[in-house]
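Commentary on secondary and tertiary structure
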Amino acid sequence: MTRPSLVATFPMRNEPERKVYDRGYVRSLFDSIAFRYDFLNHLLSAGVDVFWRRKAIGLLQPFHPGRILDVATGTGDMAITAARKLSAEVIGIDISPEMLRIGRSKIASMGLRSRITLTEGSAEEISFAARSFDAVTVAFGVRNFSDLQQGLLEIQRVLKVNGVAVILEFSRPSISLVEESFGFYFTRILPVVGGLISGNADAYRYLPNTVGEFPAGTDFLSILHSAGFKETIQYPLTFGIATIYIGIKR
Ligand SMILES: C[S@@+](CC[C@H](N)C(=O)[O-])C[C@H]1O[C@@H](n2cnc3c(N)ncnc32)[C@H](O)[C@@H]1O
């Protein structure tokens, strides 16, 4: 795996200072843990991640999207949830070929190949025409973007007018006892268990590092605003451990 390299510490105007990793490093990190990603995801979140994705897709239901782009689709769990809950065509993009390979075989085994297509691509340079999707989803992806503002502007560009972006991301719990317990779990237990099972402890140190510094709550809403999204709203989940953000393109 390539060594971590920082691209910037404050990539956009109203974003708090934070470390941002370059795309090559992030790609090789996810390539290296792809074979254990689904197993560890469900184990380390005790299955709550499944409920969070369902909730996020449920919020899309009233919009009746016909065509959805799932950015940073990874092994396709958000795309699969969308295809199952909504009668939509879903395209997933991701920078990690290994995550996509595992996603494609899952989709084939679920008989969803005619509804979901996964293809390599980055959030910062989306290879689809302007105004080509009714909705864009991102689950646990935005904090990994090497350029958050560029990624959000690209999401804006490919959305149709009145299209909706649904972004699910880790955030910081509002109750201090939950924040402390979660912080201990995230920084002490998760890297050890994740490292042992995936063989890559660095990857599971990367997770708390990126979550701790990533803008959450109203900070993220104002970033969405400055990328041009309107009627932004947040739905904190499970004591604020994760949050769903919604923004509309008008
Ligand atoms: C934590 S995983 C989330 C995967 C999936 N969305 C889920 O809910 O399980 C983050 C994914 O973001 C991808 N990723 C990171 N930076 C990206 C970028 N700039 N453009 C597209 N995908 C990116 C990684 O390769 C990885 O598959």
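The present account deals with the structure reproduced in this document. (Residues numbered from 1 in each chain as written. Predicted model: local features only at pLDDT ≥ 70, side-chain atom pairs only at ≥ 80, totals over all residues. Heavy atoms only, no water.)

1. Focus: the sheet that holds strand 4 (residues 89-94)
Note on sheets: strands pair through backbone hydrogen bonds, and any given pair is parallel or antiparallel. Using the following cut-off: Any two strands between which DSSP finds at least two bridges are classified as paired. Helix and strand definitions here come from DSSP, where helices need a minimum of 4 consecutive H or I residues and strands a minimum of 2 consecutive E residues; each element is numbered from the N-terminal end. Every angle, taken between N-to-C directions, lies between 0 and 180 degrees, and every axis is a line fitted to C-alpha atoms, over only the stretch in contact when it is a helix.
Strand order in this open sheet of seven strands is 5-4-3-6-7-9-8, and the pairing throughout is mixed. The outermost strands of the open sheet, each flanked by one partner alone, are strand 5 (116-120) and strand 8 (230-237). Taking the axes of each pair of neighbouring strands and ignoring which way they run, one obtains an average angle of 15 degrees across the sheet.

2. A look at the packing of aromatic side chains
To keep it simple, the criterion reads: The criterion for an aromatic pair is that two Phe, Tyr or Trp rings (for Trp, the six-membered ring) have centres within 6.5 Å, with stacked assigned to planes under 30 degrees apart, edge-to-face to planes over 60 apart and tilted to the rest. The classification of residues rests on relative accessible area computed with a 1.4 Å probe and restricted to protein chains. Under 20% of the type maximum is buried, over 50% is exposed, and intermediate values are partly exposed. Two conditions define a charge located above a ring, namely a distance within 6 Å from the ring centre to NZ of Lys or CZ of Arg, and an angle within 35 degrees of the ring normal.
In total, this model carries 10 aromatic pairs according to the counting rule given. An angle of 85 degrees between the planes, with centres 6.4 Å apart, marks the rings of Phe30 and Tyr206 as edge-to-face. Remark: Tyr206 occurs in helix 7 (residues 201-213) and Phe30 occurs in helix 1 (residues 23-44); sequence separation between them is 176 residues. By the burial criterion, Phe30 is buried, and Tyr206 matches it. Taking 4.9 Å as the distance between ring centres and 40 degrees as the angle between the ring planes, the aromatic pair formed by Phe140 and Phe170 counts as tilted. Here the residue Phe140 occupies a position in the loop between strand 6 (133-139) and helix 5 (148-158), and Phe170 occupies one in strand 7 (residues 159-170), the gap between them amounting to 30 residues. Arg36 extends its terminal NZ or CZ atom over the ring of Phe39, reaching a point 5.8 Å from the ring centre. In this arrangement the basic side chain of Arg67 is found over the ring face of Phe133, its NZ or CZ atom lying 4.5 Å from the centre.

3. Regarding the nonpolar core
Put simply, the test is: To define a nonpolar core, start from buried Ala, Val, Leu, Ile, Met, Phe, Trp, Tyr and Cys residues and group those joined through side-chain atoms within 4.5 Å. A contact between two residues is defined here by any heavy atoms of the two lying within 4.5 Å.
Ranked by internal contacts, the top residues of the largest apolar core, which has 53 residues, are Ile116 and Phe170. Counting residues per element, this core draws most heavily on helix 1, which supplies nine residues. Excluding residues that lie within four positions of it along the chain, Phe170 makes contacts with Trp52, Phe140, Arg143, Phe182, Phe186, Leu207, Val211, Ile241 and Ala242. By size, the runner-up hydrophobic cluster in this structure holds 28 residues, among which are Ile126, Phe145, Val158 and Ile167.

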